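Fold and geometry: a report
Spelled out from the first residue to the last, the chains are:
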Amino acid sequence: MKFLIKNGTVINSDSTVKEDVLVCDGKIAAVGTNLCNDSVETVDATGKYVLPGAIDSHTHLQMPFNGTVSADSYFAGTRAAACGGVTTVFDFAIQRKGMGICQIVQERDALCSPQACVDYSFHVALTDLTDEVLAEFKDAVEYGLMSYKLFMVYKKDGLMMNDADIYKALERSKETGALIAVHAENPDIIDMNIEKFLKNGQTSAWYHYLSRPEYAEAEADKRAIHWAKTTGAPLYIVHLANEDGMNAVADAVSEGYTIYAETCPQYLYFTSDVYKREDGRNFVCSPPMKGQASQDALWDGIQKGLISTIATDHCPFTTEQKDWGKDNFTKIPNGCMGIENLYPYMLSEANKGRLSFNKAVTLCSKNPADIFGCTEKGAILPGKDADIVLYDPTIDFTITNDKMHSDCDYTIWEGVPLKGYVTSTYSRGRLVFKDGKFLGEAGWGEFQKCAGRKI
Ligand code: URP
Ligand code: ZN
Ligand code: ZN
């Protein structure tokens, strides 16, 4: 299968050039001007931008969590991904007590593989860090698994890792080339606040935010950075949402430490004010959206190159599931949707001039490819997979749930206006989305073996 994308503007992390892209058998065969090939099918991209597909390096699809399961199956989640220009998804495989790394990934892959509409890989969320598991880091490299998430919270759910676990995992990651990621929040402070609020009958979603204040996240960011410095291992902080934590990352980076910070579109667009809304519980996720100063600090971190990636933490729960916590915020399943909004939102911000298109590509595609070792992804270059997004910067698009492709019955992004929108997505050369319609198929997505950090 061969086709030529003509007359578009190719945007990579470091270049913006009007040139054509020749796709052959799922790969980018050539990029250049006047790639004249009369015998191949042509896609006219006049007026459009030609971008590498986004990599959403943080999703939770059909994930057992908070006593229920997140609302998007691997099919629905990757369908929504395709329709938002995401061509690779990193999902979290959560270890259950006693399970090995490859075992838990094999289990999740058996669910994901027949359903995936775009390519995928896994991070393993470790919850039981035994000596056997630490030893298995090496075999996992062979399997193509090189990233682990440690929850510093969710103590009562049995997911939390303590400081000794964090230390041990960081040490082991240095020996094996793996990367440790942390969900940083202080569990004791949060539990203390929860107890106090519930005792006072303060049960609305607003108290979810107040129970997990800026300092509860910042303390854990700083603690994780401390252990990264102590061990000399690189560290990846997922869903960073607070100003003080951002400053701690800046300080550590300026001292020469390798600290990657990920944030999410919801922290860049919404503030804690959402928890005062009637539908506030739909926005309940952890860490929660923070105040304006934190949001400003995240945007500043993007400008300064201190935020390495933008990912979604896509973990939707239906209205019915969220309503379990109508009278008690601790019963609201934690998580929000965003997989279909990641690239359109960041590109819209680029289109409005808040960052360059190259920077949006760096954050959403190039850096996740390089950090997680997806050697075939992240750029429109000969030899890479033909994961290509066509983007029309002139479209005015308003997000409404009826235009989204998740299985969830609402979106927190309802009514948000975007400047420009994705018009086509190709996954390894196959058209999976065009002009609002999903054209992909379950089972198309392939497991990506990760090759380790390139930056
Ligand atoms: O609220 C969230 N973020 N839910 C998903 C699990 C996690 O902590 O990333
Ligand atoms: Zn998390
Ligand atoms: Zn998450």
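Everything numeric here is computed off the predicted structure, so don't read it as measured data.

1. Notes on the domain arrangement of the protein
Taken domain by domain, the protein consists of domain 1 (2-51 + 377-438) and domain 2 (53-371). Taken together, the contacts link 42 residues of domain 1 with 48 residues of domain 2. The contact between domain 1 and domain 2 buries some 3,700 Å² in all, and 62% of this surface belongs to carbon and sulfur atoms. Ranking the residues of domain 1 by area buried against domain 2 places Tyr 410, Ile 412 and Trp 413 at the top, with a combined share of 21%. At the surface where domain 1 touches domain 2, the tally comes to 3 salt bridges. One salt bridge in this structure joins Arg 428 and Asp 119, with 2.7 Å as the shortest N-O distance.

2. Overview of the sheet that holds strand 17 (residues 309-310)
Neighbouring strands of a sheet are bound in pairs by backbone hydrogen bonds; such pairs are parallel or else antiparallel. Read from one edge of the open sheet, 8 strands run 8-11-12-13-14-15-16-17, paired in parallel fashion. Lying at the two open borders of the sheet, with one neighbouring strand each, are strand 8 (54-59) and strand 17. The sheet contact formed by strand 15 (residues 235-237) and strand 16 (residues 259-263) spans 3 bridges and is parallel. Bridge pairing in strand 16 places Tyr 236 opposite Tyr 260.

3. Some details on the environment of Lys 359
Examined against the element boundaries, Lys 359 turns out to sit in helix 13 (residues 357-372). For the pair Lys 359 and Ser 13, spaced 346 residues apart in sequence, the C-alpha separation works out to 6.2 Å. Residues contacting Lys 359, with those up to four places away along its chain left out, are Ile 302, Gln 303 and Gly 305.

4. Let's talk about the coordination of the zinc ion (ligand 2)
Ideal values differ by geometry: the angle at a metal is 109.5 degrees with four tetrahedral donors, but 90 or 180 degrees with six octahedral donors. Protein coordination at the zinc ion (ligand 2) comes from Lys 149 (NZ), His 183 (ND1) and His 239 (NE2), with a distance range of 2.1 to 2.5 Å. The motif formed by the donor residues of the zinc ion (ligand 2), counted along the single chain, is K-x33-H-x55-H. A separation of 3.5 Å is found between the zinc ion (ligand 2) and the zinc ion (ligand 3). Taken together, the residues span a long stretch of sequence, with His 183 in strand 14 (residues 179-183) and His 239 in the loop between strand 15 and helix 8 (243-254) at a distance of 56 residues. Taken as a pair, His 183 and His 239 share a single burial class, namely buried.

5. What to know about the coordination of the zinc ion (ligand 3)
Distances from the zinc ion (ligand 3) to its protein donors, namely His 58 (NE2), His 60 (NE2) and Asp 313 (OD), fall within the range 1.9 to 2.1 Å. Geometry at the zinc ion (ligand 3) is irregular, judged from the 4 donor atoms that bind it and their angles of 88 to 141 degrees at the metal. Donor residues for the zinc ion (ligand 3) sit on one chain with the sequence pattern H-x1-H-x252-D. Overall, His 60 belongs to the buried group, its relative accessible area being 3%.

6. Quick word on the side chain of Asp 370
Mapping Asp 370 onto the fold places it in helix 13. Polar side-chain contacts of Asp 370 include one of 2.5 Å to the side chain of Lys 366.

7. Considerations on the site of ligand 1
With respect to spatial proximity, 14 residues lie near ligand 1, and among them Lys 149, Tyr 154, His 183, Ser 286 and Asp 313 are the closest. Gly 335 places a main-chain nitrogen or oxygen 3.4 Å from an oxygen atom of ligand 1. About the coverage of ligand 1: the protein hides 100% of its 270 Å² of free accessible area. Of the residues contributing to the shell around ligand 1, the split by class is 5 nonpolar, 7 polar and 2 charged.

Procedures and definitions
Residues numbered from 1 in each chain as written. Chains lettered and ligands numbered in written order. Predicted model: local features only at pLDDT ≥ 70, side-chain atom pairs only at ≥ 80, totals over all residues. Heavy atoms only, no water. Domains from an automatic or database assignment. Contact = heavy atoms within 4.5 Å. Buried area = accessible area lost by both parts, 1.4 Å probe. Salt bridge = Lys/Arg side-chain N within 4 Å of Asp/Glu carboxyl O. Pairing = 2+ DSSP bridges. Helix = DSSP H or I, 4+ residues; strand = E, 2+ residues; numbered from the N terminus. Donors = N, O, S within 2.8 Å, 3.2 Å for Na, K, Ca; no water. Buried < 20%, exposed > 50% of the residue type's maximum accessible area, 1.4 Å probe, protein only. Tetrahedral: all angles 85-135°; square planar, octahedral: opposite > 155°, others 65-115°. Polar contact = N/O pair within 3.5 Å; in protein donor to acceptor, adjacent residues only side chain to side chain. Near = heavy atom within 4 Å. Areas by Shrake-Rupley, 256 points an atom, 1.4 Å probe, with all protein chains shown as cover. Nonpolar A, V, L, I, M, F, W, Y, C, P; charged D, E, K, R; others polar.

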